[in-house]
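# Structural features, examined
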Amino acid sequence: MQKRETWSSRTGFILAAVGSAIGLGNIWRFPYMAYDNGGGAFLIPYIIAMLTVGIPFMIMEFGLGHKFRGSAPRIFSSISRRWEWLGWFQMLVAFVISTYYVVVVGWAICYFIFSFTQAWGTSPSDFFFKDYLHLTGSPLDMGGFNWPILGATALAWVVSFIAVFSGVRGGVERLNKVFMPLLFLLVLAFIGRTLMLPGAAEGLQWLFRPDFSAIMNHQVWADAYGQIFYSLSIGFSIMLAYSSYLPKKSDINNNATMTVFINCGFSMLGGLMIFGVLGYMAVQKGVAVSEVVSSGVGLAFITLPTAINLMPMPVFFGVLFFLALTVAGMSSHVSLTEAVVSTIVDKLAMSRKGAASVVCGLGFLVSIAFTMGGGLLLLDIVDHFINNFGVLSCGLLEIIMISWFCKLDELQGHANATSEFSVGAIWQFCLRFVAPIMMTYMVVMNFYTDLNKNYGDYPDAAIMSFGWAILGVCLVLAFVVSSKEMAFAGHTGVNGNFLRRR
Ligand code: PFF
């Protein structure tokens, strides 16, 4: 077997892991989640979620990747061949995400250019939906090609392609070593100037004003765990792939803890950035912050441009914000691509260069659908189903398999052997009970909600084909590929008995 590539330094690995974790989610999801779920009081469930699931899960994934030195399907098949399908399912979920996540990065690239002239004009909402996206009325109506979006999406794919094609050290690590410091600089400069604006402090008060009654609400807890899970890129093959390139003598526990802390710290910066701006805008318009707050696509591409129009130095704020969004999204996209490529290299005996070409080429072709007139609606449905069912169930199955069907003591021993501090009974308790219980609750609630009512009131045909069917296809494909793999002689398992309960 060929020697596996490794990160060149500890910093390189941590920057890459942080680059994956910090993404659009930290900028457009966390601030709103916190605001909507009790403000400052949300930090209590959020920090508890970070300590009880975020860090333990990250340690588990880093430990598995480091021990088995392979991507998800290889890790799971090394433990038990019967579980290999889960690795493929995770990889397929990562692939689907990579095909639409990149389109949002493409929008950010375009808006970065627009922000030099505030090309969105005086009505950013009309501009975004009509002039820019050419949005159709239904996800079933694809509309026409949109060349600027297609071009920007192609550019983002090219960046990921170059990073992954050039290898772990020469590509992924090098990119993150530039992108992550740059991202922090951009965001700190943005915040530094924002906080001097009138109203910024009021915005932060809205964000952090604690509503302690929220802590009694179970939905707030589910949201906190969901946000931790989404934000850390855990449970769907990414962190497994990244940690599989750790050199033998690497720390596991402290690296995982640092990655989680840096990511969550960055989310707080995201909160300062967004709510500083919203506070300023509310004061300018003479309305309450609650009237201007939003999340997701609308926050980044409508609310922020609206605010930027009102700001002094609009070019400064616009360029900084959209460049930060691009950089944060790009480094996450590279990790999604790497997770898929490493699986193909490991399991299908393809070269890295060949696998990168196939994955990025195919990925780009699929992405075209999301760049067209109906793209935003399509993206909305696919993202909802992939996140609420795909990502969550991948993580839940993984944690159940590892914490209930494997010998956690051995994984603990492996992680502790090279780490700067040790984990023990509390770590195991979190993995066996807290994480599976919270995640089962979320998956069940999501099924209940989605089976009762069509998400976003989209037509049945759209929900069936772009929601349930895509999940179903991923699942079936995962089983087909793993059963073929099982029949394939020369299976590359690493020490099959490790971890497996007899
Ligand atoms: N953790 C990254 C983010 O918060 O944006 C990357 C990511 C997570 C992308 C989950 C997609 C996803 F479904």
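Residues numbered from 1 in each chain as written. Predicted model: local features only at pLDDT ≥ 70, side-chain atom pairs only at ≥ 80, totals over all residues. Heavy atoms only, no water.

Turning to the site of the ligand, a few remarks are in order. Around the ligand there are 14 residues in total, and A21, Y101, S231, S233 and N387 lie nearest to it. Between a nitrogen atom of the ligand and a main-chain N or O atom of A21, the distance comes to 2.9 Å. For the ligand, whose unbound accessible area comes to 330 Å², protein coverage reaches 99%. Examining the composition of the shell around the ligand, we find that three residues originate from one element, helix α2 (residues 24–36), more than from any other. Across the shell around the ligand, the residue classes tally to six nonpolar, eight polar and no charged. (Near = heavy atom within 4 Å. Polar contact = N/O pair within 3.5 Å; in protein donor to acceptor, adjacent residues only side chain to side chain. Areas by Shrake-Rupley, 256 points an atom, 1.4 Å probe, with all protein chains shown as cover. Helix = DSSP H or I, 4+ residues; strand = E, 2+ residues; numbered from the N terminus. Nonpolar A, V, L, I, M, F, W, Y, C, P; charged D, E, K, R; others polar.)

In this section: the pattern of salt bridges. This structure, assessed with the given rule, holds eleven salt bridges. Between K347 and E84 there is a salt bridge, with its nearest N and O atoms 3.5 Å apart. Linking K347 in helix α14 (residues 314–348) with E84 in helix α5 (residues 84–114), this pair joins segments that are 263 residues apart in sequence. Just as K347 is buried, E84 falls in that class too. With its nearest N and O atoms 3.0 Å apart, the salt bridge here joins R352 to E338. Here R352 is found in helix α15 (residues 352–371), whereas its partner E338 is found in helix α14, with 14 residues between them in sequence. With a relative accessible area of 17%, R352 lands in the buried category. (Salt bridge = Lys/Arg side-chain N within 4 Å of Asp/Glu carboxyl O. Buried < 20%, exposed > 50% of the residue type's maximum accessible area, 1.4 Å probe, protein only.)

This part is about the nonpolar core. General note: in soluble globular proteins, nonpolar side chains tend to be found buried as a group. Ranked by internal contacts, the top residues of the largest apolar core, which has 180 residues, are L64, W107, F128, Y132, F301, F321 and I402. Residue contributions to this core peak at 23 residues, all from α5. Setting aside residues no more than four positions away along its own chain, Y132 makes contact with G106, W107, C110, Y111, F114, F127, N146 and I149. (Core = buried A, V, L, I, M, F, W, Y, C linked by side-chain atoms within 4.5 Å. Contact = heavy atoms within 4.5 Å.)

Nonpolar side chains collect at one region of the surface, where W404, F405, F429, F433 and I437 lie side by side and expose about 520 Å² of accessible area between them. Looking at the nonpolar patch, the elements with two or more residues in it are α16 (375–405) and α18 (425–452). The element best represented in the nonpolar patch is α18, accounting for three residues. With respect to the secondary-structure elements, I437 resides in helix α18. Note on I437: relative accessible area 54%, which makes it exposed. (Patch = residues over 30% accessible without salt bridge, like charges linked within 9 Å, V, L, I, M, F, W, Y side chains within 5 Å.)

Taken as a whole and assessed by the stated rule, the structure comprises 48 aromatic pairs. Judged by centre distance (6.4 Å) and plane angle (45°), the ring pair of Y32 and Y35 falls under tilted. One end of the pair is Y32 and the other is Y35, both in helix α2 and three residues apart, which spans about a single turn. Ring geometry for F112 and F116: centres 5.4 Å apart, planes at 75°, overall edge-to-face. Of the residues examined, F112 reaches a relative accessible area of 21% and is grouped as partly exposed. Across from the ring centre of F165, 4.9 Å away, lies the NZ or CZ of K353, which sits over that ring. One residue, R432, lies across the ring of W404, its end atom 4.8 Å from the ring centre. (Phe/Tyr/Trp six-rings, centres within 6.5 Å; stacked < 30°, edge-to-face > 60°. Lys NZ or Arg CZ within 6 Å of the ring centre and 35° of its normal.)

Turning next to unusual backbone geometry. In this model, S233 sits at a positive phi of 55°, which is unusual for a non-glycine residue. With respect to the helices, strands and loops of the structure, S233 is situated in the loop between α10 (218–231) and α11 (238–243). Judged by relative accessible area, S233 falls into the buried class, the value being 6%. We note that S237 has phi near 80°; this positive angle belongs to a residue other than glycine. Relative to the elements of secondary structure, S237 occurs in the loop between α10 and α11. Judged by its relative accessible area of 1%, S237 falls in the buried class.

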